Amino acid sequence: MAAPLVERGEDAFRTLFKFYRRKHPPPDLSNVLDFSKGIVCDKVLSTHLELSAVSDGEASRAGLRPVRDWRAFGLQGCPGFILIADPFLRGAQPHWLRRCLKTYTQKPNVCNLDMHMTPAETDDIWGKSADALRRAPCGKKEPKTLLEKLRWVTLGYHYNWDTKTYSAEHHTPFPADLQRLSGAVAAAAGFPGFNAEAGILNYYRSDSSLGIHVDQAELDLSRPLLSFCFGQSAIFLLGGARREDPPTAMYMHSGDVMVMSGQSRLLYHAVPRILQDPPPPCGLGTSLSRGQGSPEGGVGGEEGGVSGEEGGVSGEEGGVGGEDWAVCSRYIQSSRVNMTVRQVLGPGQSFPGVPKGGAPKGSAPPDAEGGGEGGEGGGQKRRRSGSGGTESPDT
């Protein structure tokens with residue numbers, strides 16, 4: 001069956017969301033755009049990047065190929081939307097996956113497990129899960145590890161799921177290496193000086209989804225929303241400014257980077273389905289567990305927490321191998337991790353009630369590396385850790 005026809009005036013987005021979410025019978029995916037094939041057509045446009053905005057050295061330190069080698073695409077009728085098909089160096093994807101599973105899950109960052117577990121129980125999520133994930137499956141159902149129960153983590157300015165706002169009081173230092181990666185992508189997309197202040201990491205299992213929403217909690221909406229995908233592929237729906245506008249369905253594969261700015265910054269979007277790629281997921285095979293692309297100093301910096309990492313993303317010393325890769329590869333067999341990064345405040349801007357230029361509690365000085373939170377889902381429902389979804393309420 002082809003994708004259902006929807007008439008303007010009905011909730012076209014919900015109709016297609018339910019279509020791609022359907023299990024029986026599974027949806028026909030022949031209308032889903034696949035940017036990895038590099039095909040430019042009436043709907044898909046080749047997009048210009050700022051080649052001189054990021055030096056080859058800066059790109060390499062973030063685990064990225066030279067900008068001239070990136071393949072970037074846009075969508076007809078969606079100005080400001082860019083999808084960059086896997087710009088990462090060989091070996092960089094496993095590094096960032098490990099950061100998401102091992103480092104960014106550490107305190108003082110906040111996660112869904114904190115909603116109903118004590119700080120002692122959610123401390124060292126990786127360490128409490130690693131042994132079980134390293135063991136080969138025994139064939140019978142086993143209790144889920146904390147990593148498998150993880151649904152989201154917030155960084156920097158921590159998004160409040162109840163009020164759908166950020167605040168100066170709820171802030172911890174933003175990871176320097178993720179700020180470096182985000183700054184390089186934003187500069188190449190035409191946004192020099194992007195300040196990564198907020199991040200939401202979504203952890204999708206095979207039955208997870210992300211509901212229909214618009215990301216508009218940031219005080220400065222002129223800065224782009226950046227999204228990084230690792231692991232299993234997903235179907236991403238990008239609609240219009242109204243729910244009545246039919247969305248476009250596209251694949252997001254491992255390593256793909258999405259930039260939403262300008263008009264596309266406030267478009268409805270959702271993730272109705274996680275796909276099961278043939279093993280291993282693109283860019284995350286065991287052959288890529290070592291080699292160029294993993295952050296310089298990445299191994300040594302792992303133990304130091306979530307901020308202040310020095311160096312970049314190159315050199316075999318920073319590769320992901322051995323016991324760490326055994327955990328990552330087991331996890332990613334049926335999962336997807338997405339990092340969404342955003343700038344919350346514009347230059348000279350402050351939260352209501354906070355003097356201009358006042359640094360938030362726990363932040364780095366204005367001229368140092370610091371920042372925030374953010375993520376793919378602007379309205380993610382707080383669910384118990386045993387639930388299967390990573391859903392947001394429809395907004």
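Before reading further, recall that the structure is shown in the block above.
The notes below deal with the structure included here. (Residues numbered from 1 in each chain as written. Predicted model: local features only at pLDDT ≥ 70, side-chain atom pairs only at ≥ 80, totals over all residues. Heavy atoms only, no water.)

Some points on the overall build of the protein chain
Link 1 in the chain: When you go through the protein chain residue by residue, the secondary structure sums to nine helices and 13 strands.
Link 2 in the chain: Looking at the protein chain residue by residue over its 395 residues, the buried ones come to 57%.
Link 3 in the chain: Restricting the contact set of the protein chain to residue pairs at least 6 apart, pairs at least 24 apart contribute 81%.
Link 4 in the chain: Per element, the accessible surface of the protein chain, about 15,900 Å² overall, is 52% carbon and sulfur. (Helix = DSSP H or I, 4+ residues; strand = E, 2+ residues; numbered from the N terminus. Buried < 20%, exposed > 50% of the residue type's maximum accessible area, 1.4 Å probe, protein only. Contact = heavy atoms within 4.5 Å. Areas by Shrake-Rupley, 256 points an atom, 1.4 Å probe, with all protein chains shown as cover.)

What to know about the sheet that holds strand S3 (residues 81-84)
Link 1 in the chain: The nine strands lie next to each other as S1-S2-S3-S11-S8-S13-S6-S5-S4, forming an open sheet whose pairing is antiparallel. Whereas interior strands pair on both sides, the edge strands pair on one side only; in this sheet they are strand S1 (44-46) and strand S4 (110-111).
Link 2 in the chain: Most of the contacts of helix H9 (residues 322-332) go to strand S13 (residues 335-342), to which it runs at about 100°, and overall it touches strand S6 (198-205), strand S8 (225-231) and S13. (Pairing = 2+ DSSP bridges. Axes fitted to C-alpha atoms, helices over the stretch in contact; angles between N-to-C directions.)

Re unusual backbone geometry
Excluding glycine, a negative phi dihedral is what most residues carry, and trans is how most peptide bonds are arranged.
Link 1 in the chain: Of the consecutive residues His-24 and Pro-25, the connecting peptide bond is found in the cis state with omega at -10°.
Link 2 in the chain: Backbone torsion omega between Lys-107 and Pro-108 reads 15°, so that peptide bond is classified as cis.
Link 3 in the chain: Among the structural elements, Pro-108 can be located in the loop between helix H3 (92-103) and S4.
Link 4 in the chain: Backbone geometry at Lys-164 places phi at a positive 55°, although glycine is not the residue there.
Link 5 in the chain: Examined against the element boundaries, Lys-164 turns out to sit in the loop between strand S5 (152-156) and helix H7 (176-188).

Focus on the packing of H3 against H7
Link 1 in the chain: Where H3 contacts H7, the two axes come as close as 12 Å, and the packing angle between them is 135°. When the axes of H3 and H7 are compared, the pair comes out oblique. In this structure, the crossing between H3 and H7 has a hand that is left-handed. Here His-95, Trp-96 and Arg-99 of H3 lie close against H7, whose contacting residues are Asp-177, Leu-178 and Leu-181.
Link 2 in the chain: When grouped by side-chain class, the residues that make up the contact of H3 with H7 number three nonpolar, one polar and two charged. (Parallel < 35°, antiparallel > 145°, perpendicular 65-115°, else oblique. Left-handed = near helix turned anticlockwise from the far one by under 90°. Nonpolar A, V, L, I, M, F, W, Y, C, P; charged D, E, K, R; others polar.)

With respect to the layout of surface pockets
Link 1 in the chain: Looking at the second largest pocket, its volume works out to about 380 Å³.
Link 2 in the chain: Lining the second largest pocket are 16 residues, and of these Glu-142, Pro-143, Glu-148, Arg-205 and Arg-330 lie nearest its centre.
Link 3 in the chain: Put simply, the parts of the chain that give the lining of the second largest pocket at least two residues each are helix H5 (125-134) and H9. (1 Å grid on protein atoms, 1.4 Å probe; cavity = no way out; pocket = protein on both sides within 12 Å on 5 of 7 lines; lining within 4 Å. Points joined across faces, edges and corners; volume = space filled by probe spheres on them.)

Concerning the side chain of Thr-248
Link 1 in the chain: Secondary-structure assignment places Thr-248 in strand S10 (residues 248-252).
Link 2 in the chain: A polar atom in the side chain of Thr-248 sits 3.3 Å from the side chain of Lys-43.
Link 3 in the chain: Beyond its immediate stretch of four places on either side in the chain, Thr-248 contacts Leu-33, Lys-43, Leu-75, Phe-236, Leu-237 and Leu-238. (Polar contact = N/O pair within 3.5 Å; in protein donor to acceptor, adjacent residues only side chain to side chain.)

Some details on the packing of aromatic side chains
Link 1 in the chain: Within the structure shown, the criterion is met by seven aromatic pairs.
Link 2 in the chain: Considering the side-chain rings of Phe-19 and Tyr-20, the 5.0 Å spacing of their centres and the 75° angle between planes classify their relative orientation as edge-to-face.
Link 3 in the chain: Classification of Phe-19 by relative accessible area gives buried; the value is 5%.
Link 4 in the chain: Considering the side-chain rings of Phe-35 and Phe-73, the 5.7 Å spacing of their centres and the 40° angle between planes classify their relative orientation as tilted. With Phe-35 in the loop between helix H1 (12-21) and S1 and Phe-73 in strand S2 (residues 72-75), this residue pair connects regions lying 38 residues apart in the sequence. (Phe/Tyr/Trp six-rings, centres within 6.5 Å; stacked < 30°, edge-to-face > 60°.)

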